[in-house]
Amino acid sequence: MPILGQNQYGKAENRVVKITRDGATHHIKDLNVSVSLSGDMDEVHLSGSNANVLPTDTTKNTVYAFAKEHGIESAEQFGIHLARHFVTSQDPIRTARIRIEEYAWERIATAGEDEHSFVRQGQETRLTQITYDGSSWEVVSGLKDLTVMNSTNSEFWGYVKDKYTTLPEAYDRILATEVSSRWRFNWSDDEQEMPDWETSYEQVRKHMLEAFAETYSLSLQQTLYQMGSRIIDHRAEIDEVRFSLPNKHHFLVDLEPFGLKNATEDGAVYFAADRPYGLIEATILRDGCEPRIPVDLTNL
């Protein structure tokens with residue numbers, strides 16, 4: 001006899017833009033919010049009874065109403081407001097999971113005093129996932145599509161070679177990647193002091209980039225570990241960091257057929273390969289903590 005397993009439902013990708021006006025100065029929060037609810041939902045699957053179902057259209061409306069009623073201090077705080085509401089206002093709902101992408105806007109400087117013009121930043125997308133079961137919280141934040149490059153201070157040599165190996169050893173190469181990362185906060189209880197979500201994100205990003213820039217890299221794995229370690233060492237509110245780093249390969253172009261030398265020390269010309277690419281992934285943990293972030297970040 002078939003048995004119903006884990007199930008959830010909700011409204012995905014609710015795009016909400018909140019403008020806050022401070023006189024002539026405006027502020028933008030641009031979010032993509034997905035709501036997922038689970039609990040006492042067996043009958044809607046087994047018999048079609050909707051008695052315990054909060055319509056997904058209602059969850060959409062709640063997102064927009066909360067943006068107006070509560071404002072959006074941060075993606076994390078907004079997700080916490082929503083998750084608490086769904087779990088505490090509906091008895092059948094046991095767990096709420098809120099996933100949020102945040103798109104950043106940069107103010108356009110003008111000669112006048114009005115500050116209401118913006119250009120969309122293209123550096124990365126900020127992420128957060130809030131999960132609440134009525135008693136405890138799990139907050140996992142992160143970013144994706146943050147492209148970084150070191151034009152030197154990177155090597156790759158001494159690796160295993162077999163009959164299929166053609167890659168030459170490199171003692172001065174470009175190291176480039178598109179960072180996808182998630183980090184888990186150790187805040188899990190309303191009795192604990194809540195982190196400053198905005199400051200935390202800014203500082204995590206800063207330490208991540210500084211570690212990438214300052215590490216003389218013998219492998220992308222080494223750089224990844226330094227990025228995660230720096231976050232753990234400097235941000236006490238975070239217990240776990242996971243990275244997925246595609247190696248954006250840059251290969252020296254063979255210009256000898258044209259009588260040209262293409263050496264790195266002279267300022268070389270490279271071919272930026274799109275695919276295939278090396279994919280380096282790992283988790284860095286605070287000592288004594290257990291990993292909870294999924295190994296496959298596409299599931300988060």
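As a reminder, the structure under discussion sits directly above these lines.
Note that the structure is predicted; figures quoted are calculated from it, not measured. (Residues numbered from 1 in each chain as written. Predicted model: local features only at pLDDT ≥ 70, side-chain atom pairs only at ≥ 80, totals over all residues. Heavy atoms only, no water.)

Engineer: What is the right way to look at the overall build of the protein in this model?
Structural biologist: On a plain count of helices and strands, the protein comes out with 5 helices and 10 strands. Across its three principal axes, the protein shows a C-alpha extent of roughly 75 × 65 × 40 Å. Split into buried and exposed, the 300 residues of the protein put 40% on the buried side. Within the protein, residue pairs in contact and separated by at least 24 positions form 66% of the contacts whose partners lie at least 6 positions apart. Carbon and sulfur atoms make up 49% of the accessible area of the protein, which totals about 16,700 Å². Side-chain charges in the protein split into 30 positive and 48 negative, and the spacing between the mean points of these groups amounts to 3 Å. (Helix = DSSP H or I, 4+ residues; strand = E, 2+ residues; numbered from the N terminus. Buried < 20%, exposed > 50% of the residue type's maximum accessible area, 1.4 Å probe, protein only. Contact = heavy atoms within 4.5 Å. Areas by Shrake-Rupley, 256 points an atom, 1.4 Å probe, with all protein chains shown as cover. Lys, Arg positive; Asp, Glu negative; His and termini not counted. Charge placed at Lys NZ, Arg CZ, Asp CG, Glu CD.)

Engineer: Can you help me understand the packing of aromatic side chains in this one?
Structural biologist: When we look at a pair of aromatic rings, we describe it by the centre distance and by the angle of the planes. Summed over all chains, the structure comprises 7 aromatic pairs. An angle of 20° between the planes, with centres 4.8 Å apart, marks the rings of Phe156 and Tyr159 as stacked. The class for Phe156 is partly exposed, based on a relative accessible area of 28%. With relative accessibility at 16%, the residue Tyr159 sits in the buried group. A centroid spacing of 4.9 Å and a plane angle of 85° characterise the contact between Phe185 and Trp197, whose relative ring orientation is edge-to-face. Residue Phe185 is located in strand β6 (residues 175-185), and its partner Trp197 is located in helix α4 (residues 197-214); the two are separated by 12 residues in the primary sequence. The same class applies to Phe185 and to Trp197, which are both buried. The rings of Tyr132, Trp137, Phe185, Trp187 and Trp197 are connected pair by pair, giving a single aromatic cluster. (Phe/Tyr/Trp six-rings, centres within 6.5 Å; stacked < 30°, edge-to-face > 60°.)

Engineer: Can you walk me through the packing of α4 against helix α5 (residues 220-234) in this structure?
Structural biologist: Angle between the axes and distance between the axes are the two parameters that describe a pair of packed helices. α5 packs onto α4 with a crossing angle of 140° between their chain directions and a minimal axis gap of 8 Å. Classified by the angle their axes make, α4 and α5 are oblique. In this structure, α4 meets α5 at a crossing whose hand is right-handed. Between α4 and α5, the contacting residues are Val204, His207, Met208, Glu210, Ala211, Phe212 and Glu214 on the first element and Thr223, Gln226, Met227, Arg230, Ile231 and His234 on the second. (Axes fitted to C-alpha atoms, helices over the stretch in contact; angles between N-to-C directions. Parallel < 35°, antiparallel > 145°, perpendicular 65-115°, else oblique. Left-handed = near helix turned anticlockwise from the far one by under 90°.)

Engineer: Quick question: what am I supposed to make of the sheet that holds strand β10 (residues 278-285) here?
Structural biologist: Adjacent strands of a sheet form backbone hydrogen bonds with each other and so pair up, either parallel or antiparallel. Here 8 strands make up an open sheet; going across it, the order is β1-β2-β3-β4-β5-β6-β7-β10 and the pairing antiparallel. Strands at the two margins of the open sheet, each flanked by one partner only, are β1 (14-22) and β10. Ignoring strand direction, the axes of neighbouring strands in this sheet form an average angle of 20°. The pairing of strand β3 (residues 93-107) with strand β4 (residues 118-132) spans 11 bridges and is classified as antiparallel. (Pairing = 2+ DSSP bridges.)

Engineer: Explain the environment of Ser47 to me, please; I cannot follow it from the model alone.
Structural biologist: Inspection of the secondary structure assignment puts Ser47 in the loop between α1 (42-46) and α2 (56-69). Side-chain polar atoms of Ser47 contact the backbone nitrogen of Ser49, separated by 3.4 Å. (Polar contact = N/O pair within 3.5 Å; in protein donor to acceptor, adjacent residues only side chain to side chain.)

Engineer: In this structure, what is going on with the nonpolar core? I would like to understand it.
Structural biologist: Within soluble globular proteins, side chains that are nonpolar tend to cluster in buried spots. Core analysis: the largest hydrophobic core is formed by 52 residues, its most contacted members being Val33, Phe78, Ile98, Val179, Trp183, Met208 and Phe243. The element that contributes the greatest number of residues to this core is helix α3 (residues 75-89), accounting for 7 residues. (Core = buried A, V, L, I, M, F, W, Y, C linked by side-chain atoms within 4.5 Å.)

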